[in-house]
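Descriptive structure summary
What follows is each chain in one-letter form.
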Amino acid sequence: MPSINMPVLNVPTFKKSAFALALVAGTTMAASTTQANEVEVLHWWTSGGEARAANVLKDLMEAEGYGWQDFAVAGGGGETAMTVLKSRAMSGNPPSAAQIKGPEIQEWGELGLLGNLDEVATAEGWNELLPERVANIMRHDGQYVAVPVNVHRVNWLWANPEVLDAAGVEMPTTLDELFAAGEAIREAGFVPLAHGGQAWQDATIFESVVLGSQGTEFYQQALVELDPEALGGEQMIAALEDFKRLRELMDQGMSGRDWNIATAMVIEGVAGFQLMGDWAKGEFTAAGLTAGEDYLCAAAPGTQDAFTFNIDSLAMFRVTDDAERDAQQTLARLVLEPTFQEAFNLAKGSIPARPDLDMSEFDSCAKQSLADFQRTADEGGLVPSMAHGMAVRADVQGAIFDVVTNYFNDTNMPAEEAAKRMVSAAETASF
Ligand code: GAL
């Protein structure tokens, strides 16, 4: 018998967004397509490396006797997946679990749509296992509503060492060195920087340039606290100019290119570098390559003392059926168990969400990521990724994406104009 997913709406706490209002208007009880003993999981892990990682969870669930209904929505960064999720929720039929991250977890929690995971969290000792910073993101109103699968670092530079050798350059540690190396790589006949012209990818490299150009404190003021003086000031203008210069290092064919195709350009030796979060490492791994030999990783130029974190997490939707709830609890438990944390993160390119695991199987880039995560957590420099939904709410993020991508693609727009628009984006979007 199909179970019923009946969202319990908590009207007084609704955020007055168009989505929330539409949800109130449109929500009816609808039959779920999920069987009682299975979970339907929405995510956007569709590249080679990502799919390998997602399969780890599917296999573990199936080994425990549960069914897995894969609800994969292609599109890097997850924008399309979130749109699809909203429409499913609006028709009263959300999946059992979905990859929802950062402040967006709070938005779904405020809508009253998320289930409580406290029972499994207590039984498994999540409070002791997880760093407080991570645990806080997973709780809404003091209760666990999501489980973290990993910690991704966004501020990475990836490189093909053969291309670097052919051009006679080393891994750059500053933006100036990147531009100089890029020029040499171009002269040697390669694409200096592989990129895909999609708004979220533009925003991904933009935030690394903001960090590398102006430092962590400025990043925090501008892209996390949305301080209008920082967003519209001289430092932002300088960062925007550095960002636009990156175009000189890109190729003509970048428009609309998926991020993993850009990674493939580095793998195949067509391009020298890619600025991308460490899900790119999942592609190098899936191609059978070894970190430090076949490909290189380093903090994005100028960001050695910073770590932009992006924590993937699965939030569970509120369900009425006991069997479906049981399947959700099993899913949540498995996600934080060592078996999953190790196998998933080896494939995904990220590091485990729990810091107590044996890292001996992980490569040098992952070990560096963990060390840098801990160092920046202790000394400062650990900042949430704006581009990956960890810093600001979805409406603000979307408005910033528009400014960033329009500026990047408009050869005539001065940085001063983009900085002004950045201020309005933060203001108009937050209501
Ligand atoms: C990020 C997500 C990663 C990866 C990437 C590319 O937002 O956190 O897990 O999937 O997008 O799609």
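That block above? That's the structure.
Residues numbered from 1 in each chain as written. Predicted model: local features only at pLDDT ≥ 70, side-chain atom pairs only at ≥ 80, totals over all residues. Heavy atoms only, no water.

A separate point is the nonpolar core. Counting residues in each nonpolar core, the largest one holds 81 residues, and the members touching the most others are F206, M236, L246, F273 and M386. Among the elements that make up this core, the one with the highest residue count is helix α10 (residues 199–224) (12 residues). Listed in part, the 67 residues of the second largest apolar core include L114, V120, F340 and A366. (Core = buried A, V, L, I, M, F, W, Y, C linked by side-chain atoms within 4.5 Å. Buried < 20%, exposed > 50% of the residue type's maximum accessible area, 1.4 Å probe, protein only. Helix = DSSP H or I, 4+ residues; strand = E, 2+ residues; numbered from the N terminus.)

On to the sheet that holds strand β11 (residues 191–193). Sheet strands line up and pair through hydrogen bonds in the backbone, either parallel or antiparallel. One open sheet accounts for 4 strands, arranged β11-β12-β10-β13; its pairing is mixed. Whereas interior strands pair on both sides, the edge strands pair on one side only; in this sheet they are β11 and β13 (296–299). Averaged over all pairs of adjacent strands, the angle between their axes in this sheet comes to 20 degrees, without regard to strand direction. Two strands pair when backbone bridges link them, and strand β10 (residues 156–159) and strand β12 (residues 271–275) are joined in this way by 3 bridges, in the antiparallel orientation. When the bridges of β12 are listed, A159 appears paired with F273. Helix-sheet contacts for helix α17 (residues 364–379) involve β10 and β13, and the interaxial angle to β10 is about 165 degrees. (Pairing = 2+ DSSP bridges. Axes fitted to C-alpha atoms, helices over the stretch in contact; angles between N-to-C directions. Contact = heavy atoms within 4.5 Å.)

Now for the state of the cysteines. By the definition in use, this model includes 1 disulfide. Through a disulfide, C297 is tied to C365; the S-S separation comes to 2.2 Å. In this structure, the disulfide formed by C297 and C365 twists by about -110 degrees around the S-S bond and is classed as left-handed. Placement of C297 in strand β13 and of C365 in helix α17 is noted, with a sequence separation of 68 residues between them. Taking the relative accessible area as the measure of exposure, C297 reaches 16% and is therefore buried. For C365, a relative accessible area of 1% gives the class buried. (Disulfide = S-S within 2.5 Å.)

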